[in-house]
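Descriptive analysis of the structure
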Amino acid sequence: MDQRMPDRFAAKAFTYERGGFREGYVIAEGGVIVEEDEGPCPERTDIQLALFPDVVNAHTHCADYGLKVPAGMSLEELVAPPDGLKHRYLRDTPGEVLSENIRRFGEASASHGSSAFVDFRENGAEGCRLLREVCPDAVILGRPVSPEFDPGEIEEILRYADGIGISSVSDMPSGYIEDVADMVRDRRALFAIHVSERVREDMDLVLSLDPTFVVHMCEAEDSDILKCAEAEVPIVVCPGSNMYFGKVPPISRIVDMGADMALGTDNGMLREPDMIAESSLFIDIMDRQEGDSASVFDTFFTLSRKILNRNIGLGRAIQRRYMAVPFEGEPLPENIFRPGSSGMSLTKRIGSERRWSSRTYLCPLTEASTPRPPSRRLSSLRRPWEERSPPSTSWIRP
Ligand SMILES: [Zn+2]
């Protein structure tokens, strides 16, 4: 709960659902919603809130939350395995300190209103065990540390993790990664990988691994993005982390190419796990790339709707929280995600799930936020808003 908010308040509320906002009100006490309904509020409202239910931060590294990063380090010096500063920190720091980093990260993520975060956890099985112990609801993608493929190690990681998150195809022998991906697929777990963050990487090789999603794509060519769209592999973008290293994710082109996109805050040492602050950067980049800033709304739900709910029952972590943002004016991206704005958590009261009536006013997004017609160059492509068949791989947690 934001310190600036009074303990009890009534707010006019715009609750986001697919394609628009429902207008109503909430009354909250101590960060918990005690009343929520459509229509005008029976009390005088103090503020106006945009409410986003069940937001998933699609990419984090929580354990480096305590690392102070010296200015001016390159991406390679800081995060390249095995000897980048971050990896030396994670290797040399006692488990109790990492646990404390993770605990503080989990608290910060929740206080900013995210329902869940999807973490690329380093330090092998032990790293995953630590995170599962401290944040039982985290979606964990563990990373093997053995110099060669070791099925026993992957088995051990998957005791605690929901899948495997690999640094990149440039950081490990491709045979090793293929063996890991095969085993993860057999186990029906998740497999994800950083791609083309610093240099362009071989998209055919990446997609041959059948990833659940890919992360970054800053240096990707249009053809790489198109291949993700065709393979229905979502792209997670992390604008704040990328911009720290002078990179810019190609978010407008991702929308144009019809690929699904999700948003993540990446390394805890660089960014707070605050999806609203990340969204401010997202719409700033989208404006500069002359794209549709309202595409930010769907990025909050891409992984939960399209994959995680089907795979691992993300429901264990979700459906308890709104990400709430005070704003003024119409519920437009530029009004909600202003520079310096920050998300806060409003917890839904157990058993208080609102069933909106069909009469509820659904506030449409502006014309600018409705899907643009396909450009001529891309007219043959399937668009993301068109009907989509379920993915061919059905992931069911064993
Ligand atoms: Zn990452």
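Above: the structure in question.
What counts and how
- Residues numbered from 1 in each chain as written.
- Predicted model: local features only at pLDDT ≥ 70, side-chain atom pairs only at ≥ 80, totals over all residues.
- Helix = DSSP H or I, 4+ residues; strand = E, 2+ residues; numbered from the N terminus.
- Buried ≥ 20, exposed ≤ 12 C-beta atoms within 10 Å, placed from the backbone.
- Axes fitted to C-alpha atoms, helices over the stretch in contact; angles between N-to-C directions.
- Parallel < 35°, antiparallel > 145°, perpendicular 65-115°, else oblique.
- Contact = placed C-beta atoms within 7 Å.
- Nonpolar A, V, L, I, M, F, W, Y, C, P; charged D, E, K, R; others polar.
- Core = buried A, V, L, I, M, F, W, Y, C linked by C-beta atoms within 7 Å.
- Domains from an automatic or database assignment.

Looking only at helices and strands, the protein chain has 14 helices and 16 strands in total. Of all 398 residues assigned to the protein chain, the portion counted as buried reaches 47%.

What follows concerns the packing of helix 4 (residues 124-134) against helix 5 (residues 151-160). For the pair helix 4 and helix 5, the least separation of the axes is 8 Å and the interaxial angle reads 5°. The orientation of helix 4 with respect to helix 5, classified from their angle, is roughly parallel. Residues Gly 124, Ala 125, Cys 128, Arg 129 and Arg 132 of helix 4 lie in contact with helix 5, whose contacting residues are Glu 153, Glu 156, Ile 157, Arg 159 and Tyr 160. Residue classes in the contact of helix 4 with helix 5 are distributed as four nonpolar, one polar and five charged.

With that out of the way, let us pick up the environment of Leu 346. Mapped onto the elements, Leu 346 comes out in strand 15 (residues 344-347). Note on Leu 346: 24 C-beta atoms within 10 Å, which makes it buried. Along the sequence, Leu 346 and Ala 324 sit 22 residues apart, while their C-alpha atoms lie 6.4 Å from each other. Apart from the residues within four sequence positions on either side, Leu 346 is in contact with Val 26, Ala 28, Gly 31, Ile 33, Leu 51, Tyr 322 and Ala 324.

This paragraph deals with the nonpolar core. Residues Ala 50, Leu 51, Ile 164, Val 214 and Ile 235 are the most contacted members of the largest nonpolar core, which totals 103 residues. With eight residues, the single largest contributor to this core is helix 11 (residues 275-288). Three or more residues apiece are contributed to this core by two domains, here domain 1 (8-53 + 317-365) and domain 2 (55-308). When sequence neighbours within four positions are dropped, the list of residues in contact with Val 214 reads Ala 192, Ile 193, Val 195, Val 206, Cys 228, Val 233 and Ile 235.

So far we have only geometry, and geometry alone does not tell us how the molecule works.
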